[in-house]
Amino acid sequence: MSTGDALSIRPHQPVPVPLDVLVERFAVRAAAVPPGLSATGVSLDSRDVRPGDLYFGVPGAKRHGADFAAQAAALGAVAMLTDAAGERIAAEAGVALPVLVSEKHPREILGDVASVVYGTADFTAKTFGVTGTNGKTSIVYIIAELLRAAGITAGLSSTAERRIGDEVIVSNLTSPEASELHGLLARMAEVGVEGVAIEVSAQAVVRHRLDGLHFDVVAFNNFSQDHLDEFGDLETYFAAKLALFAPEHAERGVVVVDSSWGQRIARESRIPVTRLATEYGQGADWHLAVTHQGLDGVSFVLQGPAGAHFRGSVPLFGKFMAENAALSLIMLHEAGISLDQVSAGLDRGRIPVFIPGRLEQITEPGSAGPRFYVDYGHTPGAFEAMLDALGEVAPGKIIFMFGADGDRDTTKREEMGRIAGAGADTVIICDYHPRSEPPEAIRAQLLAGARSANHAEVIEEADPRAAVRRAISLAGPGDVILYAGPGHEDHQEVAGQFLPYSARDEVRGALREAGLLP
């Protein structure tokens, strides 16, 4: 397995596509484009341009992409596709780069152009897309593990990383830009990937990041408050999720219908959907029952139409993890991969999934001391699910530490604090990504929410390094510490700076200091 960090992933052997083909197919105007030019790649980021690329100069919130046309040309771009404004900017700057001009917003054709250049318009692998507020990453990893169990070479794209078979690349966005996505898919096709699981954010749907890709199956698991700084209200945020369930994006869908939001998706979907229920008495096509829970995992039984049946387990705690596994299994079933085919590759139904920074246990399995978990959850819904699950399986106290994003949805902070204060025995509030906000103001909102629950001991410890050690000092055998927010991340964003910080590494170091890790 190799690891790396890149702006985008490309095929190793691209096939040149003449610009004339793009001009004709997408009805763009060619301004001073010499005959015979071809593109071997597409880039939206001038820093990621490689020789042979078609660079997209797209208007942005602060700068127009055409402002960086000279940089793109210097790195080897063969041409720029932009709008009329971008054409003027490049001409006034004297950039000697052939220009294709689109009457539409360039982003609206980016995905389709990239699919032609990278040859992914005829992508044959099974494709699975997952949307929802919480749990998308976990489902994507479970799908990939189930595909491997079924003997299918798997790839994935998640918040944490991209995987192409056994190759691992660190991610930058939950959902890559359309140009990056098609480059990734082309690379997957080169190495024989047969099934791909992709995490789909609401932003990806509304910002055309999925254009040029058609999913075999998409899924919706849950919905709660998040991203209101971008979408304004829950209804607009929900509409972005619902938009994935349309013929232009997918063939069919799978929906968890326990909530009113899930029931709405099922009713309003414009593609056929299959329903999963985990609540007793809820009408659905598939039903999930949890048979055993513990800190070391959850066991479940899944029953579906025509006698479909699966008994299995996941080595991560919480009913929501059983739901994630059930949703993944149904998605494969809907794509024509039978439960029997999956079961044949598993040991008694156990799905051996590891998800970076998601309920990741840092302490040694079976150790006599407290357990310490790090998780990426940073929404009210995620807090509630994790704390409810821990309330059912933790033998001792629950110590919950977290912070909140600066320059993001401020309206969820007090609710996050209240849920933590109601569900934990001790709450430790520290800094996360304050960005441009005063960190003490963010903590004050979280503290007010936590204290309003009138249940947990509430502690303020601004420095997350000190907070980790404070949590360990308060924990004894049988207790559980859960550090929510940073998950797999390797930095803190403070006042415009990205400061190195890995919660997982920090926790490991603190546990060693305390003699709780070798």
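The rules behind the values
Counting restarts for each chain, with residues numbered from 1 along the sequence as it is written. This being a predicted model, a pLDDT of at least 70 is required before a residue's local features are given, and a value of 80 or more before pairs of side-chain atoms are given or counted; all residues contribute to the totals for chains, interfaces and linings. Water and hydrogen atoms were dropped before computing side-chain values, which therefore reflect all heavy atoms in the structure. Each helix is a run of DSSP H or I of at least 4 residues and each strand a run of E of at least 2, with the numbering of both proceeding from the N terminus. The buried label goes to any residue with under 20% of its type's maximum accessible area, the exposed label to any with over 50%, and the partly exposed label to all in between, with areas taken from a 1.4 Å probe on protein chains only. Should any heavy atoms of two residues lie within 4.5 Å, those residues are considered in contact. Charge assignment: positive for Lys and Arg, negative for Asp and Glu; neither His nor the chain ends contribute. Lys charges are placed at NZ, Arg charges at CZ, Asp charges at CG and Glu charges at CD. Here the axes come from fitting lines to C-alpha atoms, over the contacting stretch only for helices, and the angles between their N-to-C directions go from 0 to 180 degrees. Two helices cross in a left-handed way if the nearer one is turned anticlockwise from the farther one by less than a right angle. They cross in a right-handed way if the turn is clockwise. Any Lys or Arg side-chain nitrogen found within 4 Å of a carboxyl oxygen on Asp or Glu counts as a salt bridge.

**Digging into the overall build of the chain**
Of regular secondary structure, the chain possesses 17 helices and 27 strands. Counting only C-alpha atoms and orienting by the principal axes, one finds that the chain spans roughly 75 × 55 × 45 Å. By the burial criterion, 58% of the 518 residues in the chain qualify as buried. In the chain, once contacts between residues fewer than 6 apart in sequence are set aside, the share between residues at least 24 apart is 67%. Averaging the locations of the 44 positively and 67 negatively charged side chains of the chain gives two centres separated by 1 Å.

**A short note on the packing of helix H1 (residues 19-26) against helix H4 (residues 107-118)**
Closest axis-to-axis distance for the H1/H4 pair is 11 Å, and the angle between their directions is 145°. Where H1 crosses over H4, the handedness of that crossing is right-handed. Here Leu 22, Arg 25 and Phe 26 of H1 lie close against H4, whose contacting residues are Asp 112, Val 113, Val 116 and Val 117.

**Focus on unusual backbone geometry**
Notably, Ala 27 is not glycine yet its phi reads approximately 50°, a positive angle. Assignment of secondary structure puts Ala 27 in the loop between H1 and strand E3 (29-31).

**What about the pattern of salt bridges?**
Applying the stated criterion to the full structure yields 33 salt bridges. In this structure, the salt-bridge partner of Arg 187 is Glu 190, at a minimum N-O distance of 2.9 Å. Taken together, the residues span about one helical turn, with Arg 187 and Glu 190 both in helix H6 (residues 178-190) at a distance of three residues. Residue Arg 187 is classed as buried on the basis of its relative accessible area, which comes to 11%.

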